[in-house]
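Chain by chain, the residues:
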Amino acid sequence: MTGFPRSYLVVTPCRDEGRYLGTTIRTMAAQSVRPKLWVIVDDGSTDDTPGVLEEAVREHEFIRVVRREDRGERKVGPGVIDAFYAGLDSVDRSSFDYLCKMDADLEIPPRYFERLMEEMDKEPRLGAVSGKMFLRDEHGRLHHERRGDDHAAGPTKFYRSRCFEEIGGFVRMVGWDGIDGHMCRLKGWIARSIMDDELRVVHLRQMGSSHKGLLHGRLRGGQGKWRIGSSPWYLLATAVYRLADPPFVIGAFAMTAGYFGAMIRRIERMDDPEYIRHLRRYEWRTLFRGKTRTLREYDERIRARTPGESR
């Protein structure tokens, strides 16, 4: 634990997370390097979340709570980001070297944040990073939630503060957690999730299942692909890849329906021409050259690039 600054801020939007929040707080308190500040935004919880937070504030000096009024229901996508910014805007972010957006339903290994900062120290152009997400079954076995290596996982996105500012932060729409990784590459930063025993994050609730069920989550995921600007061909390739993920087969069809339904309804999507050109080039290269090879080539070009140069 030497050689570089270790001042990091964590912001956690949460709503009705009383069932899981205690585990997240316990594993955060056990970190080998604790955050300088952890802001938890209670986004109008109606369960026992406020009580859990009150106890956490009494026990841990690095935790601060921001409370928002009840908006009637959990609002994914832009609602989560609105809550995130309610927390972020309550602090002076200039005093932190790193920034993390983290969910409230995670079990985090004890050296998680220390290891992420070690990775940042080894790789100067690494701007956004996370470990891999796992689910624990009824027998206690961990199963990897399959997600690509080309972005930090949505439930725990860890940034250099400079990178977060240069990419413009998060967009307030479904798909925000995919757009940021592509914006990192566009702006000359590497985004990555890392498979490592010390970076295994247990997701206490499967991604995409928190709002109206897992199938609805797949439908929303397809809509998210439309919103971030993905091409139809890339969406279809992704749906084929997801055939083996629960809910088996039907989830892939739901993703496809979500995308083309959004297209028909002309739902708002990213319209930054530079970003769209970058995204489409990246997607076509991954289809024809494979994601691992494409990602390696992009990372090599970023390392060789003049700091601040885009594309």
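Here, the structure is the one placed above.
Residues numbered from 1 in each chain as written. Predicted model: local features only at pLDDT ≥ 70, side-chain atom pairs only at ≥ 80, totals over all residues. Heavy atoms only, no water.

Enquirer: Just to check I follow, could you spell out the overall build of the protein chain for this structure?
Expert: Along the backbone of the protein chain there are eleven helices and ten strands. A compact globule built from 311 residues would reach a C-alpha radius of gyration of about 19 Å, and the protein chain, at 19 Å, matches this within 12%. Split into buried and exposed, the 311 residues of the protein chain put 54% on the buried side. Within the protein chain, counting contacts between residues at least 6 apart in sequence, those at least 24 apart form 79% of the total. Accessible surface computed for the protein chain: about 13,800 Å², of which carbon and sulfur atoms make up 52%. A distance of 6 Å separates the average location of the 54 positive side-chain charges in the protein chain from that of its 47 negative side-chain charges. (Helix = DSSP H or I, 4+ residues; strand = E, 2+ residues; numbered from the N terminus. Rg over C-alpha atoms; globule rule 2.2 N^0.38 Å. Buried < 20%, exposed > 50% of the residue type's maximum accessible area, 1.4 Å probe, protein only. Contact = heavy atoms within 4.5 Å. Areas by Shrake-Rupley, 256 points an atom, 1.4 Å probe, with all protein chains shown as cover. Lys, Arg positive; Asp, Glu negative; His and termini not counted. Charge placed at Lys NZ, Arg CZ, Asp CG, Glu CD.)

Enquirer: How should helix H8 (residues 232-241) be read in this particular structure?
Expert: An α-helical turn contains 3.6 residues, so a residue and the one three or four places further along point in the same direction. All of the buried residues along H8 are Tyr234, Leu235, Thr238 and Ala239. Projection of H8 onto a plane perpendicular to its axis shows the buried side chains occupying an angular sector of 140°, all on one side. Exposed positions of H8 whose direction lies more than 90 degrees from the buried face are Trp233 and Val240. Contacts from the buried residues of H8 go to helix H7 (214-228), helix H9 (250-265), helix H10 (273-289) and helix H11 (291-304). (Arc of directions from axis to C-beta.)

Enquirer: I would appreciate a short explanation of the side chain of aspartate 245 in the present structure.
Expert: Tracing the backbone through its elements, the reader meets aspartate 245 in the loop between H8 and H9. What aspartate 245 contacts, discounting residues up to four positions off in sequence, is Arg146 and Arg218.

Enquirer: I would appreciate a short explanation of the packing of H10 against H11 in the present structure.
Expert: Between two packed helices, what matters for the description is the angle formed by their axes and the separation of those axes. Here H10 crosses H11 at 135°, and the two axes come no closer than 7 Å. With respect to each other, H10 and H11 are oriented oblique. Side by side, H10 and H11 meet where His278, Arg281, Tyr282, Arg285, Thr286 and Arg289 of the first sit next to Lys291, Arg293, Thr294, Leu295, Glu297, Tyr298 and Arg301 of the second. Of the residues contributing to the contact of H10 with H11, the split by class is three nonpolar, three polar and seven charged. (Axes fitted to C-alpha atoms, helices over the stretch in contact; angles between N-to-C directions. Parallel < 35°, antiparallel > 145°, perpendicular 65-115°, else oblique. Nonpolar A, V, L, I, M, F, W, Y, C, P; charged D, E, K, R; others polar.)

Enquirer: Looking at this model, I keep getting lost on the pattern of salt bridges. Mind explaining?
Expert: Where charged atoms of side chains with opposite charge meet at close range, the side chains can pair. Applying the stated criterion to the full structure yields 30 salt bridges. As a salt-bridge pair, lysine 291 and aspartate 150 come within 3.7 Å of each other at their nearest N and O atoms. With lysine 291 in helix H11 and aspartate 150 in the loop between strand S7 (142-144) and strand S8 (156-160), this residue pair connects regions lying 141 residues apart in the sequence. Look at aspartate 150 and you get buried, because its relative accessible area is 5%. Through salt bridges with shared partners, one network takes in Arg111, Glu114, Arg115, Glu118, Glu119, Lys122, Asp196 and Glu198. (Salt bridge = Lys/Arg side-chain N within 4 Å of Asp/Glu carboxyl O.)

Enquirer: What exactly am I supposed to notice about the state of the cysteines here?
Expert: In a disulfide, the sulfur atoms of two cysteines are covalently bonded to one another. Enumeration over the complete set of coordinates arrives at zero disulfides. For cysteine 14, which is in no disulfide, the shortest distance to another cysteine sulfur is to cysteine 100 and amounts to 14 Å. Accessibility expressed as a relative area gives 3% for cysteine 14, which makes it buried. For cysteine 163, which is in no disulfide, the shortest distance to another cysteine sulfur is to cysteine 184 and amounts to 3.7 Å. On the accessibility criterion, cysteine 163 (0% relative accessible area) is buried. (Disulfide = S-S within 2.5 Å.)

Enquirer: I keep staring at the packing of aromatic side chains and nothing clicks. Help me out?
Expert: Applying the stated criterion across every chain, the model contains 17 aromatic pairs. Measuring from ring centre to ring centre gives 6.5 Å for tryptophan 38 and phenylalanine 62, while their planes differ by 15°; the resulting arrangement is stacked. Pair noted here: tryptophan 38 is in strand S2 (residues 37-43) and phenylalanine 62 is in the loop between helix H2 (49-59) and strand S3 (63-68), with a separation of 24 residues, a long-range link. In terms of burial, tryptophan 38 and phenylalanine 62 fall into one category: buried. (Phe/Tyr/Trp six-rings, centres within 6.5 Å; stacked < 30°, edge-to-face > 60°.)

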